[in-house]
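An overview of the molecular structure
What follows is the residue order along each chain.
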Amino acid sequence: MLETPSLIKVQDFISVRDLADKLNKTPAEIVKKLMELGTMATINQEIDFDTCEIICSLFEVKVEHELSEEQKIFEEIVDDESSIRRTLKDILSFEKYEVVEAVDGLDGIEKVKQQSFDVILLDIKMPRMDGIEAFEKIKALAPETPVIMISGHANIDTAVDAVKRGAFDFVSKPPDLNRLLITIRNAIDKKCLIHTTKQLQSKITNCKVPAMIGNSPAIAKVHETIDRVAPTDARVL
């Protein structure tokens, strides 16, 4: 008989059958536990994370929340200093971000061509291609992806110039942890807001409003009122 694991990873929802597989139990055992909690379920029914956590606690198993691919936030770190990349990756991985490293501007651009990122951290001073040139090319490839510049004290003016060109913000080396995380979250929030706005605009554009049909005096009066009031901010009761 297989041993019960001490820890499993589960997304927002999981079927009774899949949970049984993870716990090395039979679906009937999971259904029985659910019934003891006052919940009727079938082996194919999905249960939420909180319920899953309760069931697992009855088997003395800890549960860790696992993000789906849609929920994961991907970040790219472009810096020629391996120590900086390693430090940033450790910090961001701890915060549950998916991190991809690039050793310089050219490498960073190639990775942007291969996949999309939610945020890009871009060093300014790098060999082969500096951060400003890399930034211009990245913005052309991924105009909606926020780019946060990483600058040494000697490159502050250059970082400010990059922000004027469209970079989201900049952080100084060595990065302050709180400022870095707040800046990243703000960048992600802005990207999400832009995406939501575009979706709403698309829905409005595609929404067809039926035209008023008829040429009676009453309809003509309505059209006249619309033409007179539409250019103003007046309320129509």
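We now turn to the structure provided with this report. Positions within a chain are numbered from 1, following the residues in the order the chain's sequence is written. pLDDT decides what is reported in this predicted model: residues at 70 or higher carry local features, side-chain atom pairs at 80 or more are listed and counted, and totals for whole chains, interfaces and linings draw on all residues regardless. Computation of side-chain values: all heavy atoms of the structure, hydrogens and water removed.

**A few points about unusual backbone geometry**
Going by this rule: A run of H or I in DSSP becomes a helix once it reaches four residues, and a run of E becomes a strand once it reaches two; helices and strands are each numbered from the N terminus.
A cis amide bond links Lys 173 with the next residue in sequence, Pro 174, at an omega value of -15°. Its place among the elements puts Pro 174 in the loop between strand 9 (169-172) and helix 8 (177-206). In this structure, Asn 24 is a non-glycine residue whose phi angle is positive, near 60°. Structurally, Asn 24 is set in the loop between helix 1 (16-23) and helix 2 (27-36). The phi dihedral of Lys 96 is positive, around 75°, even though this residue is not glycine. Looking at the element boundaries, Lys 96 is found in the loop between helix 4 (82-94) and strand 6 (98-102).

**Concerning the sheet that holds strand 5 (residues 74-78)**
Put simply, the rule reads: Two strands are said to pair when DSSP picks up at least two bridges between them. The convention used is that axes are lines fitted to C-alpha atoms, helices contributing only their stretch in contact, and that angles between N-to-C directions extend from 0 to 180 degrees. Here, residues are in contact when the closest pair of their heavy atoms is within 4.5 Å.
Read across the open sheet, the 5 strands follow the order 6-5-7-8-9; overall the sheet is parallel. Only two strands of the sheet have a single neighbouring strand rather than two, namely strand 6 and strand 9. Here the average twist between neighbouring strands, direction ignored, is 20°. Of the strand pairs in this sheet, strand 5 and strand 7 (residues 119-123) are connected by 4 bridges, and their pairing is parallel. The residue of strand 7 that forms the bridge with Val 78 is Leu 122. This element, helix 4, spans strand 5, strand 6, strand 7 and strand 8 (147-151) of the sheet and lies at about 170° to strand 6. Against the sheet, helix 7 (residues 156-165) touches strand 8 and strand 9, its axis set at about 160° to strand 9.

**Topic: a nonpolar patch on the surface**
Short version of the rule: Patches here are clusters of residues that have more than 30% relative accessible area and form no salt bridge, with a 9 Å joining cutoff for like charges and a 5 Å cutoff for nonpolar side chains (Val, Leu, Ile, Met, Phe, Trp, Tyr). Surface exposure here means Shrake-Rupley accessible area, sampled with a 1.4 Å probe, where a residue is shielded only by the protein chains that are shown. Just to be clear on terms, a salt bridge is a Lys or Arg side-chain nitrogen sitting within 4 Å of an Asp or Glu carboxyl oxygen.
Residues Leu 37, Ile 54 and Leu 58 make up a contiguous nonpolar surface patch of roughly 250 Å² in combined accessible area. Inspection of the secondary structure assignment puts Leu 58 in helix 3 (residues 49-58).

**Thoughts on the nonpolar core**
Put simply, the test is: Definition used in this section: a nonpolar core is a set of buried Ala, Val, Leu, Ile, Met, Phe, Trp, Tyr and Cys residues joined via side-chain atoms within 4.5 Å. Relative accessibility decides the category of a residue: with a 1.4 Å probe and only protein chains considered, values under 20% of the type maximum give buried, values over 50% give exposed, and everything between is partly exposed.
Of all hydrophobic cores here, the largest spans 22 residues; its most connected members are Ile 120, Leu 122, Ile 138, Val 147 and Met 149. Looking at this core element by element, the count peaks at 4 residues for helix 6 (residues 131-141). Not counting the four nearest positions on each side in its chain, Met 149 is found in contact with Leu 122, Ile 124, Gly 131, Ile 132, Phe 135, Ala 162, Ala 167, Asp 169, Phe 170 and Val 171.

**Re the packing of aromatic side chains**
Spelled out, the test is: Think of it this way: a Phe, Tyr or Trp ring, Trp meaning its six-membered ring, pairs with another when their centres are within 6.5 Å, and the plane angle makes it stacked under 30 degrees, edge-to-face over 60, tilted otherwise. A ring is scored as having a charge over it whenever the NZ atom of a lysine or the CZ atom of an arginine sits within 6 Å of its centre and within 35 degrees of its normal.
For the structure on display, the rule yields 0 aromatic pairs. Across the ring face of Phe 59, the terminal group of Lys 33 is positioned such that the distance to the ring centre comes to 5.4 Å.

**What to know about the side chain of Glu 76**
Going by this rule: Residues scored as positive are Lys and Arg, those scored as negative are Asp and Glu, and His as well as the terminal groups of each chain are ignored.
Examined against the element boundaries, Glu 76 turns out to sit in strand 5. Of the side chains with opposite charge, Lys 111 comes closest to the buried, unpaired Glu 76, at an N-O distance of 6.0 Å.

**Re the pattern of salt bridges**
Scanning the model with the defined rule gives 14 salt bridges in all. For Glu 136, the salt bridge identified is with Arg 165, shortest N-O distance 2.9 Å. Of the two residues, Glu 136 sits in helix 6 while Arg 165 sits in helix 7, which places them 29 residues apart along the sequence. For Glu 136, a relative accessible area of 36% corresponds to the partly exposed category. By relative accessible area, Arg 165 is classed as partly exposed at 46%. One salt bridge connects Arg 179 with Asp 169, and the closest N-O pair in it is separated by 3.6 Å. Residue Arg 179 is located in helix 8, and its partner Asp 169 is located in strand 9; the two are separated by 10 residues in the primary sequence.

**Topic: the packing of helix 2 against helix 3**
The line we're drawing: Small angles under 35 degrees read as roughly parallel and large ones over 145 as roughly antiparallel, with 65 to 115 read as roughly perpendicular and the rest as oblique. Three residue categories are used. Nonpolar comprises Ala, Val, Leu, Ile, Met, Phe, Trp, Tyr, Cys and Pro, charged comprises Asp, Glu, Lys and Arg, and polar comprises the others, including Gly.
Running from N to C, helix 2 and helix 3 point in directions that differ by 105°, and their axes come no closer than 10 Å. Here helix 3 runs roughly perpendicular to helix 2, going by the angle between their axes. From helix 2, Ile 30, Lys 33 and Leu 34 reach across to helix 3, where they touch Thr 51, Ile 55 and Leu 58. Here the residues of the contact of helix 2 with helix 3 are counted per class, giving 4 nonpolar, 1 polar and 1 charged.

**Focus on the environment of Glu 101**
Keep this limit in mind: Polar contact is defined as a pair of N or O atoms within 3.5 Å, subject to the rule that within protein one atom must be able to donate a hydrogen and the other to accept it, and that residues adjacent in sequence are counted only when both atoms are side-chain atoms.
Among the structural elements, Glu 101 can be located in strand 6. Judged by relative accessible area, Glu 101 falls into the partly exposed class, the value being 29%. On a C-alpha basis, the gap between Glu 101 and Asp 80 in space is 9.8 Å, while along the polypeptide they are 21 residues apart. Once residues within four sequence positions are removed from consideration, Glu 101 is found in contact with Ile 77, Arg 85, Lys 89, Asp 107 and Lys 111. Within the structure, Glu 101 has its side chain in polar contact with the side chain of Arg 85 (distance 3.0 Å).

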